[in-house]
Amino acid sequence: MKAHLNLSDVSLASSVITLGDSFNDAPLFAEATFAATVGVRGVLKHLEALGTQRPGYVTLTDASKGFVELADALLESGRTGTR
């Protein structure tokens, strides 16, 4: 996909927003790698296991409602990833 879209690792990482809900999502929360890192509310119970790889922002709602919260915020801000 990266080659087809002519994207470098740098440009791809700087335009990706990650979303996770558990300790196994720790690599998604590496702020030095991704533009923005988000956890849904349920991630709060895993903060100790995440160590230093914690999301930069946690939604107020959990699971699919947390995803909708993030999507709504992106749509309202105009940051939809379209060129």
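Definitions and cut-offs
Counting restarts for each chain: residues are numbered from 1 in the order of the written sequence. Reporting of local features is limited, given that this is a predicted model, to residues whose pLDDT is at least 70; pairs of side-chain atoms are given and counted only at 80 or more, and all residues count toward the totals for whole chains, interfaces and linings. The basis for the side-chain values is all heavy atoms of the structure; hydrogens and waters are excluded. Where helices and strands are cited, they refer to DSSP runs of H or I of at least four residues and of E of at least two residues respectively, numbered from the N terminus. Accessible area is worked out with a 1.4 Å probe on protein chains only. A residue is then buried under 20% of its type maximum, exposed over 50%, and partly exposed in between. Contacts: residue pairs with any heavy atoms within 4.5 Å of one another. Note that accessible areas follow from Shrake-Rupley with a 1.4 Å probe, and for residues the cover is restricted to the protein chains shown. For two strands to pair, DSSP has to find at least two bridges joining them.

1. Describing the overall build of the protein chain
- Within the protein chain one finds four helices and three strands.
- Burial statistics for the protein chain: of 83 residues in total, 24% are counted as buried.
- Across the protein chain, every contact between residues at least 6 apart in sequence was considered, and the portion connecting residues at least 24 apart equals 21%.
- Accessible surface, the protein chain: about 5800 Å² in total, of which carbon and sulfur atoms supply 57%.

2. A few points about the sheet that holds strand 3 (residues 57–58)
- Strand order in the open sheet made by the three strands is 1-2-3, with parallel pairing throughout. A single partner strand is all that each edge strand has here, and the edge strands are strand 1 (17–20) and strand 3.
- As judged from the four bridges shared by strand 1 and strand 2 (residues 36–39), these two strands associate in the parallel manner. Pairing of I17 across the sheet is with A36, part of strand 2.

3. So, unusual backbone geometry
- In the Ramachandran plot, A63 falls in the positive-phi region, its phi being about 55° despite a non-glycine side chain.
- Looking at the element boundaries, A63 is found in helix 4 (residues 63–77).
- A63 gets classed as partly exposed once you look at its relative accessible area, which sits at 48%.

4. A word on the environment of G66
- Position of G66 relative to the elements: it lies in helix 4.
- By relative accessible area, G66 is classed as buried at 0%.
- Ignoring anything within four residues of it in the chain, the contact list for G66 reads V40, T59 and T61.

5. Re the pairing of strand 2
- Judged from the two bridges that link them, strand 2 and strand 3 form a sheet pairing that is parallel. Within the sheet, the bridge partner assigned to V38 lies in strand 3 and is Y57.

6. Re the side chain of H46
- Note on placement: H46 falls in the loop between strand 2 and helix 3 (47–50).
- When its relative accessible area of 17% is taken as the criterion, H46 is described as buried.
- In this structure, H46 is in contact with D21, S22 and F23, ignoring residues within four places of it in sequence.

All we've got here are geometric facts, nothing functional implied.
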